[in-house]
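Coordinate inspection notes
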Amino acid sequence: MSIEFAGKTALVTGAAGGIGRATALAFAKAGARLSITDFDSKALEETARMARDCGAEVLSEVFDITRDAGVAGFVQRTVARYGKLDCAVNNAGIRSEVLPLAEFSEEAFDKVIAVNLKSVWLCMKHEIEAMLKSGGGAIVNVASAAGIVTVPNNGSYVASKHGVIGLTKAGGIDYAKHGIRINALCPGYTRTRMALGSIADADGLTLDMVAAALPMGRIAEPDDQAGPVLFLCSDRASYLVGHALVVDGGYSVV
Ligand SMILES: NC(=O)c1ccc[n+]([C@@H]2O[C@H](COP(=O)([O-])OP(=O)(O)OC[C@H]3O[C@@H](n4cnc5c(N)ncnc54)[C@H](O)[C@@H]3O)[C@@H](O)[C@H]2O)c1
């Protein structure tokens, strides 16, 4: 199934690598004009170069996604440049400390909530304002399989991702009548800096062990996530609102 985004504008946060980069490049190949952001300037520039090589026009900005002024300015400049915002993928995220719940520091807990949850609300706020002016659009918030089920010793991450699904449902019904469809993607283990880092940090765990424990016998590649994100943003998903699409190779089903 090929999905076309010619003439559409797509914004992707956390686009310096992993799922965000794969999503940005999939939009670029599908004909979209891109706005991408991350706070890793070097890797973001590499994503921008790869997208331009696919023929896409690219606006790329470096800022901390937890800062309201950064998000507001980025959305404003996207609309100023392209005339409207059609699709937005709120993907930037971090992992949490690996500790039993009561042992998190307040500072570390706040940071995970700020990046993984509050920034998604900030992005939605400015994206929705822009989409209301142009008659609609589609937003995808990247949650996690850990937004559906829990995983041990990751309490702040699990809470943040359950919260992203809550925000998705809340925004989904608030704006459904305004032509804005808001849905979530819930990835399982995906080969990115984040997942490989968490496996490397876990005592005695290897990638092969994780893969063997999964129903599909492999972890996802970033492109396994990008396809479903584009589907959720496309007209093929025209009646999907407030939905959490689980793309985890069966991890949360077992
Ligand atoms: N990889 C997985 O197994 C997996 C599973 C479930 C959910 N996810 C989610 O997918 C999303 C993408 O993660 P990924 O796996 O591609 O990892 P990643 O680390 O490659 O990508 C996350 C990106 O977010 C950026 N980022 C983090 N904090 C930021 C901030 N304050 N301001 C701006 N940018 C910031 C990082 O620089 C990075 O480029 C995350 O929300 C993550 O929680 C990943």
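Quick look at the structure, then. Positions within a chain are numbered from 1, following the residues in the order the chain's sequence is written. pLDDT decides what is reported in this predicted model: residues at 70 or higher carry local features, side-chain atom pairs at 80 or more are listed and counted, and totals for whole chains, interfaces and linings draw on all residues regardless. Note: side-chain values were computed over all heavy atoms of the structure, leaving out hydrogens and water.

**Quick notes on the site of the ligand**
Put simply, a residue is near a molecule or strand once any heavy atom of it comes within 4 Å of that molecule or strand. The immediate surroundings of the ligand are formed by 28 residues, with D38, N91, Y157, T190 and T192 found nearest. Between the ligand and I19 there is a distance of 2.9 Å, counted from an oxygen atom to a backbone nitrogen or oxygen. In this structure, an oxygen atom belonging to the ligand sits 2.6 Å away from a side-chain N or O atom of D38. Every helix listed is a DSSP run of H or I at least four residues long, and every strand listed is a run of E at least two residues long, numbered separately from the N terminus. Of all the secondary structure elements, the ones that give two or more residues to the shell around the ligand are helix 1 (18-29), helix 5 (155-175) and helix 6 (193-201). With three residues, the single largest contributor to the shell around the ligand is helix 6. Charged residues are taken to be Asp, Glu, Lys and Arg, nonpolar residues to be Ala, Val, Leu, Ile, Met, Phe, Trp, Tyr, Cys and Pro, and polar residues to be all remaining types, Gly included. Among the residues making up the shell around the ligand, the classes are represented as 15 nonpolar, nine polar and four charged. Whenever two N or O atoms come within 3.5 Å, that pair is a polar contact, provided that in protein one can donate a hydrogen and the other can accept it, and provided that, for residues adjacent in sequence, both atoms are side-chain atoms.

**A closer look at the packing of helix 3 (residues 68-82) against helix 4 (residues 106-134)**
For the pair helix 3 and helix 4, the least separation of the axes is 9 Å and the interaxial angle reads 30°. Judged by the inter-axis angle, helix 3 sits roughly parallel to helix 4. Both helix 3 and helix 4 take part in a crossing whose hand is right-handed. On the side of helix 3, the interface is formed by D68, V71, A72, V75 and V79, while helix 4 contributes L122, C123, H126, E127 and A130. Taken together, the residues of the contact of helix 3 with helix 4 sort by class into seven nonpolar, one polar and two charged. Axis angles are defined between N-to-C directions and span 0 to 180 degrees, where every axis is a line fitted to C-alpha atoms and, for a helix, only to the segment in contact. Orientation labels follow simple angle bins: below 35 degrees gives roughly parallel, above 145 gives roughly antiparallel, 65 to 115 gives roughly perpendicular, and whatever is left gives oblique. Throughout, a crossing is termed right-handed when the near helix is turned clockwise from the far one, and left-handed when it is turned anticlockwise from it by less than a right angle. Throughout, a contact is declared for two residues whenever any of their heavy atoms are within 4.5 Å.

**Section: unusual backbone geometry**
The backbone of N153 sits at a positive phi, close to 60°, despite the residue not being glycine. Position of N153 relative to the elements: it lies in the loop between strand 5 (137-142) and helix 5.

**A closer look at the nonpolar core**
Joining through side-chain atoms within 4.5 Å is the link that ties buried Ala, Val, Leu, Ile, Met, Phe, Trp, Tyr and Cys residues into a set, and such a set is a nonpolar core. Each residue gets one of three labels from its accessible area relative to the maximum for its type: buried under 20%, exposed over 50%, partly exposed in between, using a 1.4 Å probe on protein chains only. F5, F27, L34, I36 and C233 are the most contacted members of the largest nonpolar core, which totals 34 residues. Secondary-structure elements contributing two or more residues to this core are strand 1 (9-13), helix 1, strand 2 (33-38), helix 2 (41-53), strand 4 (87-90), strand 5 and helix 8 (222-233). Looking at this core, the element that brings in the most residues is helix 1, giving six residues. Not counting chain neighbours up to four residues away, the residues in contact with F5 comprise F27, A30, G31, A32, C87, L230, C233 and S234. Core analysis: the second largest hydrophobic core is formed by 28 residues, A92, M124, V164 and I182 among them.

**Section: helix 3**
One turn of the α-helix equals 3.6 residues, which is why residues spaced by three or four share an orientation. For a helix, the expected span equals 1.5 Å multiplied by the number of residues minus one. Here helix 3 spans 21 Å end to end across 15 residues, near enough to the 21 Å set by a 1.5 Å rise per residue. Among all positions in helix 3, only G70, V71, A72, G73, F74, V75, T78 and Y82 are buried. Buried-residue contacts for helix 3 involve strand 1, strand 2, strand 3 (58-62) and helix 4. G83 lies just past helix 3 and shows a positive phi near 95°.

**Description of the layout of surface pockets**
Using protein atoms alone on a 1 Å grid, points that fit a 1.4 Å probe yet trap it form a cavity, whereas open point sets bounded by protein on both sides within 12 Å along at least five of seven lines form a pocket; residues with an atom within 4 Å of a point count as lining. Grid points are joined across faces, edges and corners, and a volume is the space filled by probe spheres set on the points. One number sums up the size of the second largest pocket: a volume of about 290 Å³. Around the second largest pocket, the lining comprises 16 residues; the ones closest to its centre are K8, R181, C233, S234 and D235. Looking at the lining of the second largest pocket residue by residue, the class counts come to five nonpolar, five polar and six charged.

**Considerations on the environment of P187**
Mapped onto the elements of the fold, P187 is located in strand 6 (residues 180-187). Residue class for P187 comes out buried when judged on its relative accessible area of 8%. In this structure the C-alpha to C-alpha distance between P187 and G249, which are 62 residues apart in sequence, comes to 8.9 Å. Residues contacting P187, with those up to four places away along its chain left out, are I19, V142, A143, S144, A145, Q225, V247 and D248.

**What to know about the packing of aromatic side chains**
Only rings of Phe, Tyr and Trp enter the pairing, Trp through its six-membered ring, and a pair is recorded when the two centres are within 6.5 Å. The plane angle decides the type: under 30 degrees is stacked, over 60 is edge-to-face, the rest tilted. Scanning all chains against the criterion turns up four aromatic pairs. Both rings, one in Y189 and one in Y251, keep their centres 6.3 Å apart while their planes meet at 85°; by these two values the pair is edge-to-face. Within this pair, whereas Y189 is found in the loop between strand 6 and helix 6, its partner Y251 is found in the segment after strand 7 (244-247), the two being separated by 62 residues in sequence. Since its relative accessible area comes to 31%, Y189 is described here as partly exposed.

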